[in-house]
Amino acid sequence: MRRLQPIQYLLISFIILICLAFLPFQKAIVFQPNHSNAKFAYIPVKNETHFAIKYTHSIHLSDVVESYKITHGERIQQYELMYEDFAIGMPSNAEKGETFEQINGAYYIKNMKRDFPFFHLRIGQVRANHTLIFKNKEYPLSRTIKPGTSVKVEICKLNFFTQWKGVNILESL
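Counting restarts for each chain: residues are numbered from 1 in the order of the written sequence. In keeping with the predicted nature of the model, local features appear solely for residues at pLDDT of at least 70, side-chain atom pairs appear and are counted solely at 80 or more, and the whole-chain, interface and lining totals rest on all residues. Side-chain numbers here rest on the full set of heavy atoms in the structure, without hydrogens or water.

Participant: So what exactly am I meant to see when it comes to the overall build of the chain here?
Facilitator: Strands here are runs of E lasting at least two residues and helices are runs of H or I lasting at least four, both read from the DSSP assignment and numbered beginning at the N terminus. For the chain, the helix and strand inventory stands at 3 helices and 12 strands. Against the 2.2 N^0.38 benchmark of 16 Å for 173 residues, the chain shows a C-alpha radius of gyration of 21 Å, more extended than a compact globule. Throughout this description, buried means an accessible area under 20% of the type-specific maximum (1.4 Å probe, protein chains only), exposed means over 50%, and partly exposed covers the range between. Taken across its 173 residues, the chain has 40% of its residues classed as buried. Summing over all exposed atoms, the chain offers an accessible surface of approximately 11,000 Å²; the carbon and sulfur share of this is 54%. Separation of charge centres in the chain, based on 21 positive and 14 negative side chains, amounts to 12 Å. Each radius of gyration is computed over the set of C-alpha atoms, and the globule rule expresses the reference value as 2.2 Å times the number of residues to the power 0.38. The Shrake-Rupley method, run with a 1.4 Å probe, gives the accessible areas here. Residue values count only the displayed protein chains as cover. We score Asp and Glu as negative and Lys and Arg as positive, and we do not count His or the chain ends. Think of each charge as sitting on NZ of Lys, CZ of Arg, CG of Asp or CD of Glu.

Participant: Please clarify how a nonpolar patch on the surface should be interpreted in this entry.
Facilitator: Here, patches come from residues exposed beyond 30% relative accessible area and free of salt bridges, joined within 9 Å for like charges and within 5 Å for nonpolar side chains (Val, Leu, Ile, Met, Phe, Trp, Tyr). Take a side-chain nitrogen of Lys or Arg and a carboxyl oxygen of Asp or Glu: if they are within 4 Å of each other, that pair is a salt bridge. A cluster of nonpolar side chains, namely L4, Y9, I12, I16, L17, L20 and L23, defines an oily patch on the protein surface of about 680 Å² accessible area. Note on placement: L17 falls in helix 1 (residues 6-21). You can call L17 exposed: its relative accessible area is 57%.

Participant: How should I be thinking about the environment of Q163 in this particular structure?
Facilitator: Inspection of the secondary structure assignment puts Q163 in helix 2 (residues 160-165). On the accessibility criterion, Q163 (15% relative accessible area) is buried. Once the C-alpha coordinates of Q163 and V151 are considered, the two residues, 12 residues apart in sequence, prove to be 17 Å apart. Not counting residues up to four positions away in its chain, the partners in contact with Q163 are F25, Q26, Y42 and L158. Here, two residues are considered to be in contact whenever any of their heavy atoms come within 4.5 Å of each other.

Participant: Looking at this structure, how should I read unusual backbone geometry?
Facilitator: A negative phi holds for most residues other than glycine; trans holds for most peptide bonds. Even without being glycine, N104 reaches a positive phi, approximately 50 degrees. Inspection of the secondary structure puts N104 in the loop between strand 6 (99-103) and strand 7 (106-116). Judged by relative accessible area, which is 82%, N104 ranks as exposed. Unusually for a residue other than glycine, N136 sits at a positive phi of about 60 degrees. By relative accessible area, N136 is classed as exposed at 81%.

The following block contains the structure:
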């Protein structure tokens, strides 16, 4: 039986490394622009399953926080909504199976089970100040995504090269 030469070992190792670079391994919350060639932004997640998006409501100018969790099928489930004012565009009560509470002047709809493969979000241009809350830290999305951009928010597994083409929100601030 013929033995492999050192150059053949090197070539095989190189091919294996290239293949591994294209295998999706990093789960991430991805913000993909809908109608532009702009880079996508993402936050890598490991064991973390919760995140929230906070924004200032355009009419009553108070904070709204939508809380989400990542489910096993890489889906997004909204489980809570917090807002400070009853006004146009805000719910007045909970849906079936949900609970409505008032705590310290804020209104909460809890026990939500609204499940999505993805959702769309337009990054506010004037006062919305969309902010991602992840691991108790706030990341203003307008620092990595141009205000006015419509994005698709979804959970994806990214390979090394895909990550390289995007903007890691955790590293960009």
